Every structure is written in C-alpha cells, then in structure tokens.
Amino acid sequence: MSTFLSSVAVLLSTLALMCSGYAAYQVFTLQQKTIADTANSNILATNSTTPVQKVETVPPSTASTASPEASAPPSPTASETPKATVAMKPGEFVQPAFGDKAQVELLSVKRIKDPVSANRDVVNVQMRVRRLVEDEIDPNQSIEVFQTSARNPDTSETYKGVDFKRSTGSVVLSNLRPKASADAYVWLRVPNGVDSLDIFVPDTAAFNDVPIAN
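Residues numbered from 1 in each chain as written. Predicted model: local features only at pLDDT ≥ 70, side-chain atom pairs only at ≥ 80, totals over all residues. Heavy atoms only, no water.

### Notes on the overall build of the protein
Regarding its fold elements, the protein presents three helices and 10 strands. Secondary structure elements in the protein, listed N-terminal to C-terminal, are α-α-α-β-β-β-β-β-β-β-β-β-β. Per-residue burial over the protein gives 25% buried out of 214 residues. Sequence separation of 24 or more characterises 66% of the internal contacts of the protein that already satisfy a separation of 6 or more. As displayed, the protein offers around 14,800 Å² of accessible surface, 57% of which is attributable to carbon and sulfur atoms. (Helix = DSSP H or I, 4+ residues; strand = E, 2+ residues; numbered from the N terminus. Buried < 20%, exposed > 50% of the residue type's maximum accessible area, 1.4 Å probe, protein only. Contact = heavy atoms within 4.5 Å. Areas by Shrake-Rupley, 256 points an atom, 1.4 Å probe, with all protein chains shown as cover.)

### Comments concerning the sheet that holds strand β9 (residues 196-200)
Sheet architecture is open: four strands sit in the order β6-β5-β9-β10, paired in antiparallel fashion. In the strand order of this sheet, the two ends are held by β6 (158-159) and β10 (207-211), each with one partner. Of the pairings in the sheet, the one linking β9 to β10 comprises three bridges and is antiparallel in character. Across the sheet, residue Ile199 finds its bridge partner in β10, namely Phe207. (Pairing = 2+ DSSP bridges.)

### Quick look at the side chain of Glu105
The residue Glu105 is located in strand β2 (residues 102-112) in this model. Arg128 provides the closest opposite charge to the buried, salt-bridge-free Glu105, at an N-O distance of 5.0 Å. Residues in contact with Glu105, not counting those within four places in the same chain, are Pro90, Gly91, Phe93, Val94, Gln126, Met127 and Arg128. (Lys, Arg positive; Asp, Glu negative; His and termini not counted. Salt bridge = Lys/Arg side-chain N within 4 Å of Asp/Glu carboxyl O.)

### Re the pattern of salt bridges
A pair can form between side chains of opposite charge whenever their charged atoms are brought close. With the rule as written, the count across this model stands at four salt bridges. As a salt-bridge pair, Asp121 and Arg189 come within 3.1 Å of each other at their nearest N and O atoms. In this pair, Asp121 is assigned in the loop between β2 and β3 (122-131) and Arg189 in strand β8 (residues 181-189), connecting sequence segments 68 residues apart. Residue classification places Asp121 among the buried positions, given a relative accessible area of 18%. On the basis of relative accessible area, Arg189 is assigned to the partly exposed category, the value being 32%. When salt bridges that share partners are traced, they join Asp114, Asp121 and Arg189 into one network.

Remember that the coordinates give geometry; whether it matters functionally is a separate question.
Printed below as a string of structure tokens:
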C-alpha cells in the first residue's frame with residue numbers, strides 16, 4: 001500500500017513539475033511577444049514622426065556644360081568684316097613714260113590711316129620708275145611723283161596728293177643709269193569706302209581700275 005502511495009506521489013510530483021514548466025514557458029513566451037510588440041510599436045512611431053528628407057537633383061551648371069559654340073563670341077556682321085587685302089602681282093600694272101624712254105610700275109596701292117586725323121582716308125601709292133634707253137635724256141625730263149592724282153571710276157570724282165612732304169617728290173630720269181630704277185611713293189586723299197582708282201602719274205599712261213588694298 002505504501003508503495004502504491006509512493007508511486008502516486010511521484011506521479012503527481014511529476015505532473016506538477018510539468019505543469020509548472022509549461023506555465024513558465026507560456027509566461028516567457030508571452031513576455032517575449034510583449035517585448036517584440038513594444039519594440040515594433042516604437043519603430044513605427046519613430047518612422048511616422050521622423051521627416052523624410054527630400055533629395056533634389058541639382059541640374060549641372062550651364063557654365064560647365066555650355067558648348068563651345070555658346071561660349072564663342074558672335075561672328076561679325078558683313079558690315080564689320082574687313083575686306084581682304086588685295087596684293088598686286090609683279091608686272092600687273094606697268095605703263096610707259098615719256099614715250100619709250102621710261103616705264104612706271106605700281107608696286108602697291110594701299111589704304112592707310114592719316115597720322116594727323118586718324119581717319120582712314122589716305123591711300124599710299126608706291127611705284128617704281130625705270131629708265132629704258134641708253135641715249136641721253138634731257139635733265140628736265142622727270143617724273144613729278146608729287147603731282148600724281150586719281151579718279152573714282154564710278155563717280156569720276158578726282159583726288160589729289162595729301163602734301164608735297166608726303167611724297168618722294170620727283171624722279172629725274174637722267175640721274176638713272178640705263179635699265180636702272182628708283183622707287184617712289186605719294187599719299188593721295190581718298191575717302192574711305194572707295195575700293196578702286198584710276199591713277200594718273202605725270203607723263204605716264206593712265207592706270208585704270210586699280211584696286212585699293214586695306
């Protein structure tokens with residue numbers, strides 16, 4: 001009888017222990033769930049109260065992405081574009097002087113700035129005078145370069161020299177050896193905008209439609 005009671009007591013103790021363990025497990029599980037729920041609630045509350053920072057995309061600077069065409073200066077208009085310089089070819093403008101005794105060749109006809117007024121209304125005419133004959137030449141026969149004049153082929157307006165000092169003066173043919181030459185120049189007062197001239201050197205055939213270089 002005592003053995004039976006002992007067995008029953010052990011069984012009851014075992015059942016009590018198992019019930020206690022199960023109850024402790026349920027309590028532990030409930031505590032963990034409560035902690036997890038609390039943590040999730042805090043996270044949600046934090047996320048709902050924390051403002052979301054908006055990231056704006058800044059467009060690249062126009063200065064760094066500007067094309068070369070945009071940064072380049074504007075092209076000059078047709079009125080601002082300078083005319084190309086017209087270079088004379090050797091022997092292009094040659095005329096006889098004093099019959100067949102000499103010849104005059106134009107070397108350059110170029111527009112320049114007047115050093116006094118700073119206006120571009122002066123044309124510098126450079127020429128070469130060559131003696132052709134070996135016969136004696138009258139000492140009075142000379143090319144009066146300073147008396148050179150010009151005419152506008154479109155309007156027939158005539159132009160004179162700027163000043164005697166703005167020229168070579170005269171080239172005396174008798175002072176030149178046969179086949180020798182001397183260079184000379186003269187400044188003519190020609191309004192800006194005239195592009196060509198008929199040039200008249202004394203005792204020399206006319207030079208027609210001579211372009212003015214700029």
